[in-house]
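Each chain is listed here by its residues.
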Amino acid sequence: MSLYGLFSLATSYLPLPIGGGALAAKAALGKTRSLYVPDLFAGILSGEPTRNPYEEEIGRKSEEWTKKLVKMDKRTAKILTKANFAYLISLSAPLADEEAFRMGVDWCIWAFVFDDQFDEGPMKDKGIEAAKEIIDMLATQDDTCALVDPAVHPLQYMFQSVWQRFKARNPSPGLERRWKYTHKRCLFAILKQVDATQRKITLDVDLDDYMETRRHSIGAYSLFAVVEWAHGIKAPEEAMEHPSVQTCERVAADLTWLVNDVLSYKKDLAFGVEHNLTRLLMRQGLTEQAAMDKLGSLMESNQRDWEDAIAELPHWEDEETNKEVRRYLDACAAVARANLHWSFKSGRYLNAEQGRKVKETRVMDLP
């Protein structure tokens, strides 16, 4: 979801057929045009998250830096402030020190502003231009890359600045590799979405392909690396590469985009956005409610995968390794939980009244 798309008001919608659902859904919905949504606050998404004490101060400084750097107009600047990305990073990295927290917030704002160009901006359906922009962005991490001129390429300057601060703390070779790899996968997944939009085949993909693209384009894996760095987690490579750890990473990333697809559905309808799993499943023959129920089933399946992965996690002889692995897995869960709470608090998809109803009744009224 781009910055501009966060808080636009819905003025029209595309009517879709209403499907049937579970008995509980029917009882709750009656004859209204509504959907019964999954339990979003279950499993690793449950519980109240901890906040970082630097949230307010650093959030303000990071916003002002970005507004000046990219020369934001008043409308966009207001949207940036309302988005409150510092809150998202506060819940994701509650233990980060002031310097690390600032880097995390700067990174988060860069990610959303950069994504604007491909989500709802000028490069949303221009594959060649998007590819060049992505290649140039990734190149700023190369030690041979010259310092970027902020007046010419402000977003590249932002990312290079974040990268330099990341490197300044001498991350392990494994963490540096994860940083580069996750950003490359994320940006390449975004490019794949641009290609699908350009060729008008957004919904002409199978479920597995859609899910693979979403779990990387959502940016959760990159945020895992940010929090690993910000919290000073030191798990050895042997542990980080264990299948159970990788399963937990995948689950946290999948829960992040699944929550987004659930909560954004009302807004996606209003603006005719088709990049939503509910729409894809309806294209494949499911009713609207059955498609939403399928998202719930996928979330439940992911929660079981997490529990199974934790049960199969080995106990290393070095107790410090066990401790650091646990810290990393907690960080992955915190990122997914942070996205859920931030989505409600920021009003990115639902206003306060709509969000409260979804939380209390799991009923989403549609346009």
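Residues numbered from 1 in each chain as written. Predicted model: local features only at pLDDT ≥ 70, side-chain atom pairs only at ≥ 80, totals over all residues. Heavy atoms only, no water.

With that settled, consider the overall build of the protein chain. Scanning the protein chain for helices and strands turns up 17 helices and two strands. Relative to the globule expectation of 21 Å for 367 residues, the C-alpha radius of gyration of the protein chain, 20 Å, shows essentially globular dimensions. Counting only C-alpha atoms and orienting by the principal axes, one finds that the protein chain spans roughly 60 × 55 × 40 Å. With 367 residues in all, the protein chain has 53% of them scored as buried. Put simply, 79% of the contacts in the protein chain that link residues at least 6 apart link residues at least 24 apart. Roughly 16,900 Å² of accessible area belongs to the protein chain as shown, and the carbon and sulfur atoms make up 53% of that amount. (Helix = DSSP H or I, 4+ residues; strand = E, 2+ residues; numbered from the N terminus. Rg over C-alpha atoms; globule rule 2.2 N^0.38 Å. Buried < 20%, exposed > 50% of the residue type's maximum accessible area, 1.4 Å probe, protein only. Contact = heavy atoms within 4.5 Å. Areas by Shrake-Rupley, 256 points an atom, 1.4 Å probe, with all protein chains shown as cover.)

What follows deals with the pattern of salt bridges. Here the structure, examined in full by the defined rule, presents 30 salt bridges. Taking the shortest distance from any N to any O, the salt bridge between Arg279 and Glu274 comes out at 3.0 Å. In the salt-bridge network here, residues are joined through shared partners; they are Arg185, Glu212, Arg215, Arg250, Asp254 and Asp305. (Salt bridge = Lys/Arg side-chain N within 4 Å of Asp/Glu carboxyl O.)

Summary statistics for the protein chain give a mean pLDDT of 91 and a share of 91% for residues scoring 70 or more. Here residues 7-30 scores under 50 on pLDDT; set against residues more than four positions off or in separate chains, the count is 49 contacts. (pLDDT = per-residue confidence, 0-100.)

Right, let's talk about the nonpolar core for a bit. One finds Trp107, Trp110, Trp179, Leu263, Leu277 and Trp306 to be the most contacted residues of the largest nonpolar core, which totals 107 residues. Those residues in contact with Trp107 that lie beyond four places of it in its chain are Val162, Trp179, His183, Gly219, Ser222, Leu223 and Val226. (Core = buried A, V, L, I, M, F, W, Y, C linked by side-chain atoms within 4.5 Å.)

Within the fold, Arg214 resides in helix 9 (residues 207-217). As a C-alpha pair, Arg214 and Thr50 span 164 residues in sequence and 27 Å in three-dimensional space. Setting aside residues no more than four positions away along its own chain, Arg214 makes contact with Gln193, Trp257, Asp261 and His275. In this structure the side chain of Arg214 is engaged in a polar contact, spanning 2.7 Å, whose partner is the side chain of Asp261. (Polar contact = N/O pair within 3.5 Å; in protein donor to acceptor, adjacent residues only side chain to side chain.)

Per the counting criterion, the structure on display carries 13 aromatic pairs. Pairing Phe85 with Phe112 gives two aromatic rings, centres 4.6 Å apart and planes at 40°, and the pair type is tilted. Highlighted residues: Phe85 in helix 4 (residues 85-92) and Phe112 in helix 5 (residues 98-119), separated in sequence by 27 residues. What makes Phe112 buried here is its relative accessible area of 14%. Centroid distance Tyr221 to Phe224: 5.6 Å. Interplanar angle 65°. Geometry classified as edge-to-face. With a gap of three residues between them, Tyr221 and Phe224 both fall in helix 10 (residues 220-230), about one helical turn apart. According to the relative accessible area criterion, Tyr221 is buried, its value standing at 14%. Among the aromatic residues, those joined into a ring-pair cluster are Trp110, Phe114, Phe118 and Phe159. Just above the ring of Trp229 sits the side chain of Arg169; from NZ or CZ to the centre is 5.1 Å. Note that Lys345 overlies the ring of Tyr87, its terminal NZ or CZ placed 5.2 Å from the centroid. (Phe/Tyr/Trp six-rings, centres within 6.5 Å; stacked < 30°, edge-to-face > 60°. Lys NZ or Arg CZ within 6 Å of the ring centre and 35° of its normal.)

Let us now look at the packing of helix 2 (residues 55-69) against helix 7 (residues 154-168). Contact geometry of helix 2 with helix 7 gives a least axis separation of 10 Å together with a crossing angle of 140°. In terms of orientation, helix 2 and helix 7 fall into the oblique class. Crossing of helix 2 over helix 7 shows right-handed handedness. Across the interface between the two elements, Trp65, Thr66 and Leu69 from helix 2 touch Pro154, Tyr157, Met158, Ser161 and Arg165 from helix 7. (Axes fitted to C-alpha atoms, helices over the stretch in contact; angles between N-to-C directions. Parallel < 35°, antiparallel > 145°, perpendicular 65-115°, else oblique. Left-handed = near helix turned anticlockwise from the far one by under 90°.)

In this fold, Ser217 is placed in helix 9. Given a relative accessible area of 13%, Ser217 falls into the buried group. A polar contact is formed between the side chain of Ser217 and the side chain of Gln193, at a distance of 2.8 Å. Ignoring sequence-local partners within four residues, the contact set of Ser217 consists of Cys186, Ala189, Ile190 and Gln193.

Here the focus is the environment of Ser222. Within the secondary structure, Ser222 is located in helix 10. In this structure Ser222 comes out as buried when scored by relative accessible area, which is 1%. Here the alpha-carbon distance between Ser222 and Trp179, two residues 43 residues apart in the chain, equals 6.4 Å. With residues near it in sequence (within four places) discarded, Ser222 still touches Trp107, Thr182, His183 and Cys186.

Here we come to the environment of Val194. Tracing the sequence through the fold places Val194 in helix 8 (residues 173-198). Given a relative accessible area of 0%, Val194 falls into the buried group. In this structure the C-alpha to C-alpha distance between Val194 and Asp125, which are 69 residues apart in sequence, comes to 5.2 Å. Excluding residues within four positions of it along the chain, Val194 makes contact with Phe118, Met123, Lys124, Asp125, Lys126, Gly127 and Ala130.

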